[in-house]
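What follows is the residue order along each chain.
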Amino acid sequence: MTSQFTRQRIKFSDVAIGQRFFDPISQEYFVKQSASLAVMVTGMGDGTVPDEFEADDVVGINQ
């Protein structure tokens, strides 16, 4: 069975802390840690190194 989802585009500032989101620039998934930081949880990311995001950066969340 195939799982289908839609990806909604939102601003980084609208992502809840602890929520997983997709960064279209790096093509990887992150988890938001604070108002300006998130950690990569796919690809080369192991969830330990924070990366900075701007409040108005457009990211995606799966619906």
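Higher on the page you've got the structure.
First, a word on what this report is: a plain description of the structure on this page. (Residues numbered from 1 in each chain as written. Predicted model: local features only at pLDDT ≥ 70, side-chain atom pairs only at ≥ 80, totals over all residues. Heavy atoms only, no water.)

Points about a negative patch on the surface
On the surface, a cluster of negative charge is made up of Asp51, Glu52, Glu54 and Asp56. Aspartate 51 sits in the partly exposed class, given a relative accessible area of 36%. (Patch = residues over 30% accessible without salt bridge, like charges linked within 9 Å, V, L, I, M, F, W, Y side chains within 5 Å. Areas by Shrake-Rupley, 256 points an atom, 1.4 Å probe, with all protein chains shown as cover. Salt bridge = Lys/Arg side-chain N within 4 Å of Asp/Glu carboxyl O. Lys, Arg positive; Asp, Glu negative; His and termini not counted. Charge placed at Lys NZ, Arg CZ, Asp CG, Glu CD. Buried < 20%, exposed > 50% of the residue type's maximum accessible area, 1.4 Å probe, protein only.)

Side note on the environment of proline 24
Examined against the element boundaries, proline 24 turns out to sit in the loop between strand 2 (20-23) and strand 3 (28-32). With 30 residues separating them in the primary sequence, proline 24 and glutamate 54 have C-alpha atoms 14 Å apart. Excluding its chain neighbours within four sequence positions, the residues that come into contact with proline 24 are Val58 and Val59. (Helix = DSSP H or I, 4+ residues; strand = E, 2+ residues; numbered from the N terminus. Contact = heavy atoms within 4.5 Å.)

Thoughts on the packing of aromatic side chains
All told, the structure shown has 6 aromatic pairs when counted by the stated rule. Ring plane angle 15 degrees and centroid distance 5.0 Å describe the contact between phenylalanine 12 and phenylalanine 53, whose orientation is recorded as stacked. Of this pair, phenylalanine 12 sits in the loop between strand 1 (7-11) and strand 2 while phenylalanine 53 sits in the loop between strand 5 (50-52) and strand 6 (58-62), and the two are 41 residues apart along the sequence. Overall, the relative accessible area of 6% leaves phenylalanine 53 in the buried class. Both rings, one in phenylalanine 30 and one in phenylalanine 53, keep their centres 5.1 Å apart while their planes meet at 80 degrees; by these two values the pair is edge-to-face. Linking phenylalanine 30 in strand 3 with phenylalanine 53 in the loop between strand 5 and strand 6, this pair joins segments that are 23 residues apart in sequence. (Phe/Tyr/Trp six-rings, centres within 6.5 Å; stacked < 30°, edge-to-face > 60°.)

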